[in-house]
Amino acid sequence: MRILALAFLLCVATVIEAAQMPLSILPGGALVYKPIQSVRERKFADLVQQKTDFSCGAAALATILRQAYWLDVNEEQIIEGMLAHSDQDLVRVQGFSMLDMKRYVESIGMRARGYRVAPETLSDIRIPVVVLMDIRGYKHFVVMQRVHQGWVYIGDPVLGHKRYKVDDFIKGWNGIIFAVIGQGYDKTNALLDPPMPLTARNRVNAFSPVQDAELMDFGFIQSDFF
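Residues numbered from 1 in each chain as written. Predicted model: local features only at pLDDT ≥ 70, side-chain atom pairs only at ≥ 80, totals over all residues. Heavy atoms only, no water.

- As recorded in an unreviewed UniProt entry, the protein chain goes by Peptidase C39 domain-containing protein and comes from Pseudomonas mandelii.

Right under this line is the structure:
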């Protein structure tokens, strides 16, 4: 029975989309339903994934507006809004700029500010902001979610949730943050609590054996131990 249950769990681990999956693992064959989330879904949880080559700024801005302000906007709407307030010929060559994002944010009744920030004060930033990074020569807008214990947590519209050591982040960052300011900010928004990276090291470090007394919580009975 245990072998069959384990095999079933391994099969479930390959599910692409999140779903409520029935797991027949309790004595007597009772069903327990558990939410299953794919690795890809976890990677982009709470983030807007960019769909075009030059829309990283629109996707990053959409992420902040959706998660921190609960605005029902998407990447396409923001692209259209920014195009209406930008030099379209320049956008075709260079992509969108922070100025384009600023004009769009102000067009929907909010404020946007760019600040030059000293690296040693990064940990003082308490809201998610858009930052421009140079990744192997490619200029790319991402969301800086938080800075904690020497790590910078990033919501990347292409790569999903990432984190960098502060020194590594600074090497690719232009020193400016783009902050959106307006009514309705959610101080407990999901961007301030990004998921930990899915790595083997994290899995091992978090592992601890289950004690016999705790096994009852997992549906085992005493006869299973003998």
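**A closer look at unusual backbone geometry**
No. 1: The phi dihedral of D46 falls on the positive side, at around 70 degrees, and the residue is not glycine.
No. 2: Considering the arrangement of structural elements, one finds D46 in the loop between α2 (39-43) and α3 (56-69).
No. 3: The phi angle at W70 is positive, at roughly 60 degrees, despite the residue not being glycine.
No. 4: With respect to the helices and strands, the residue W70 is situated in the loop between α3 and α4 (75-83).
No. 5: On the basis of relative accessibility, which here comes to 61%, the residue W70 falls in the exposed class. (Helix = DSSP H or I, 4+ residues; strand = E, 2+ residues; numbered from the N terminus. Buried < 20%, exposed > 50% of the residue type's maximum accessible area, 1.4 Å probe, protein only.)

**Concerning the nonpolar core**
Here is a general trend for soluble globular proteins: nonpolar side chains tend to be buried in one another's company.
No. 1: Judged by nonpolar contacts, the single largest core of 31 residues is most densely connected at L61, L65, I78, F178 and V180.
No. 2: Residue assignment for this core shows that the elements contributing at least two residues are α3, α4, α6 (98-107), β4 (129-135), β5 (138-148) and β8 (173-181).
No. 3: Counting residues per element, this core draws most heavily on α3, at 10 residues.
No. 4: Contact partners of F178, with chain neighbours within four places excluded, come to L61, M98, M101, K102, V105, A112, R113, V129 and V130. (Core = buried A, V, L, I, M, F, W, Y, C linked by side-chain atoms within 4.5 Å. Contact = heavy atoms within 4.5 Å.)

**With respect to the pairing of β8**
No. 1: With 6 bridges joining them, strand β3 (residues 111-116) and β8 adopt antiparallel strand pairing. Bridging from a neighbouring strand, R111 pairs with I181 of β8.
No. 2: Pairing of β4 with β8 involves 3 bridges; the strand directions are antiparallel. Within β8, the position partnered with V131 by the bridge is I177. (Pairing = 2+ DSSP bridges.)

**A few points about the pattern of salt bridges**
No. 1: If you walk through the whole model with that rule in mind, you get 5 salt bridges.
No. 2: The salt bridge involving E106 is made with K102; its shortest N-O contact spans 2.7 Å. Placement of both E106 and K102 in helix α6 is noted, with a separation of 4 residues, approximately one turn of the helix.
No. 3: Judged by its relative accessible area of 36%, E106 falls in the partly exposed class. (Salt bridge = Lys/Arg side-chain N within 4 Å of Asp/Glu carboxyl O.)

**Topic: the packing of aromatic side chains**
No. 1: In total, this model carries 2 aromatic pairs according to the counting rule given.
No. 2: The ring of W151 has R163 sitting right over it, with the charged end atom 3.8 Å from the ring centre. (Phe/Tyr/Trp six-rings, centres within 6.5 Å; stacked < 30°, edge-to-face > 60°. Lys NZ or Arg CZ within 6 Å of the ring centre and 35° of its normal.)

**What to know about the packing of α3 against α4**
No. 1: Orientation of α3 relative to α4, taken along the N-to-C sense of each, is 115 degrees, at an axis distance of 9 Å. When the axes of α3 and α4 are compared, the crossing they make is right-handed. Residue-level inspection shows A58, A59, L61, A62 and L65 of α3 in contact with α4, the latter providing E75, I78, I79 and M82.
No. 2: Grouping the amino acids of the contact of α3 with α4 by side-chain chemistry returns 8 nonpolar, no polar and 1 charged. (Axes fitted to C-alpha atoms, helices over the stretch in contact; angles between N-to-C directions. Left-handed = near helix turned anticlockwise from the far one by under 90°. Nonpolar A, V, L, I, M, F, W, Y, C, P; charged D, E, K, R; others polar.)

**Details of α3**
No. 1: For α3, spanning 14 residues, the distance from its first C-alpha to its last is 19 Å, which sits close to the expected 20 Å at 1.5 Å a residue.
No. 2: Across the 14 residues that make up α3, a large majority, 13, are buried.
No. 3: Immediately downstream of α3, the backbone of W70 shows phi near 60 degrees, a positive value. (Expected span 1.5 Å × (residues − 1).)

**Regarding α6**
No. 1: Buried within α6 are the following residues: M98, D100, M101, Y104 and V105. On an axial view of α6, the arc spanned by its buried residues comes to 155 degrees, and they lie on one face.
No. 2: A positive backbone phi angle near 85 degrees is found at G109, which sits one or two residues after α6. (Arc of directions from axis to C-beta.)

**Digging into the packing of α3 against α6**
No. 1: At a minimum axis separation of 11 Å, α3 and α6 run at an interaxial angle of 35 degrees. As for how α3 packs across α6, the hand of that crossing is right-handed. Seen from α3, the contacting residues are G57, L61 and L65; seen from α6, they are M101, Y104 and V105.
No. 2: Among the residues making up the contact of α3 with α6, the classes are represented as 5 nonpolar, 1 polar and no charged.

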